[in-house]
Amino acid sequence: MSIDGLRGRLERWAGISLERGRRSDVLLAVVKERVHALGLPSVAAYCDAVGSAQDPEVERLLNAVTVTYTWFFRDAPQLEALEALLASHSPQKPVLDVWVAACATGEEAYSVAMLAKAAGRAVRILATDVNTEALAQARSGRYGGWTVREVPQRHAAGLIAASDGHCVVAPELKRAVRFERHNLMDPPPAAPGPEGFDVVICRNALIYFPAEASRLALASLSGAAARDGVVLLGGSEVLAQVPEGFEAIAVGGRAALQRGTKVPVPSTPPRPAVVATLSRPAVVATP
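Summary of the structure given here. (Residues numbered from 1 in each chain as written. Predicted model: local features only at pLDDT ≥ 70, side-chain atom pairs only at ≥ 80, totals over all residues. Heavy atoms only, no water.)

### A short note on the packing of aromatic side chains
Going through the model one piece at a time under the given rule, you end up with seven aromatic pairs. Both rings, one in Tyr 69 and one in Trp 146, keep their centres 5.9 Å apart while their planes meet at 40°; by these two values the pair is tilted. On the criterion of sequence distance, the pair formed by Tyr 69 in the loop between helix H4 (56-65) and helix H5 (76-88) and Trp 146 in the loop between strand E3 (142-143) and strand E4 (159-161) is long-range, its members being 77 residues apart. With a relative accessible area of 45%, Trp 146 lands in the partly exposed category. (Phe/Tyr/Trp six-rings, centres within 6.5 Å; stacked < 30°, edge-to-face > 60°. Helix = DSSP H or I, 4+ residues; strand = E, 2+ residues; numbered from the N terminus. Buried < 20%, exposed > 50% of the residue type's maximum accessible area, 1.4 Å probe, protein only.)

Dropping the structure here:
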């Protein structure tokens, strides 16, 4: 099998297009490294050996080619609106179930935990990604200064400064988030409660999917939403088709979907962009 054949298989298994961001070049480089490491005679021999989506080499390849570029409080206007949504959504529920899909290295999931705390809502957050290396970073809850540069000062207590210049997510927030591996081409994960997820978040991921894979992923995301559940997408994503049973709405000026009878979705004006710094954190401790 040629490298193009292997690339086609990976794209089919994970839904992504490797032509975006020159990820196909990354794939070829990784395959050549694996050919050398495994002592195989050629790239074709390696490609032939990768027989199924369950092959351990597929996990290694997807870890290399999937994009994990993110940071805390990415797209602050949408997240400000999400805080208001969390505060008002399904007030009769003591705990809201939230699915953060394509969570990469976890910053978004922890940002949502910060927002829920500020909104006074208890949440159970399931954060998923296909990249196991990114999930390991997310579970550690340990981050460098660049990725926390846009954390508003009022949320700074959610990060604890470490002695090496990094910071760690506060234990209370870590307990609210559970990380699991999930492929958006697979059926959605089960929600903790019987009704589905109250909020489903998948931002800046579907832009890497071709049209049909994007449609299938969106169907999976929306299918996981509870009655009146809201599905949030990223600012770069365009809704070509609204899934049956949903209405197109906007949250923070970004595309979103709501299942069933629409309830008011509040909007909150952006707060001043005051950021926390590791040099003067709200809470200082050495883990």
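Past the structure itself, the notes keep going.
### What to know about the side chain of Thr 147
Along the chain, Thr 147 turns up in the loop between E3 and E4. Look at Thr 147 and you get buried, because its relative accessible area is 6%. Once residues lying within four places of it in the same chain are set aside, the contact partners of Thr 147 are Thr 70, Trp 71, Phe 72 and Glu 107. (Contact = heavy atoms within 4.5 Å.)

### Observations regarding helix H2 (residues 23-38)
Between its first and last C-alpha atoms H2 spans 22 Å; for 16 residues at 1.5 Å apiece the expected length is 22 Å, and the two agree. Every buried residue belonging to H2 is among Arg 23, Ser 24, Leu 27, Val 30, Val 31, Arg 34 and Val 35, and all of these are buried. What you see down the axis of H2 is that its buried residues fit within an arc of 145°, all on one side. Away from the buried face of H2 by more than 90 degrees, exposed residues Glu 33 and His 36 are located. Against the buried residues of H2 lie helix H1 (3-14), helix H3 (43-49) and H4. Looking one or two residues past H2, Gly 39 carries a phi angle of roughly 70°, positive in sign. (Expected span 1.5 Å × (residues − 1). Arc of directions from axis to C-beta.)

### Here's the deal with the environment of Gly 252
Relative to the elements of secondary structure, Gly 252 occurs in the loop between strand E9 (246-251) and strand E10 (254-259). In this structure Gly 252 comes out as partly exposed when scored by relative accessible area, which is 23%. With 179 residues separating them along the chain, Gly 252 and Phe 73 place their C-alpha atoms 13 Å apart. Residues in contact with Gly 252, not counting those within four places in the same chain, are Pro 77, Gln 78 and Ala 81.

### Regarding the pairing of strand E7 (residues 197-202)
Summarising burial for E7: six of the six residues are buried, a large majority. Bridge analysis of strand E1 (residues 95-100) against E7 gives three bridges, and the strand direction is parallel. Bridge pairing in E7 places Val 98 opposite Val 199. Handedness of the E7-helix H9 (residues 211-223)-strand E8 (residues 225-233) crossover: right-handed. (Pairing = 2+ DSSP bridges. Right-handed = clockwise from strand over helix to strand, strands pointing away.)

### Notes on the sheet that holds E8
Taken together, seven strands build an open sheet; the order of strands is E6-E2-E1-E7-E8-E10-E9 and the sheet is mixed. Two strands close off the open sheet at either side, each with one partner strand: strand E6 (177-181) and E9. Here the average twist between neighbouring strands, direction ignored, is 20°. Pairing of E1 with strand E2 (residues 122-129), which is carried by six bridges, proceeds in the parallel orientation. Each bridged residue has a counterpart across the sheet, and for Leu 96 the counterpart in E2 is Val 123. H5 contacts E1, E7, E8, E9 and E10 of the sheet and is inclined by roughly 165° relative to E8. (Axes fitted to C-alpha atoms, helices over the stretch in contact; angles between N-to-C directions.)

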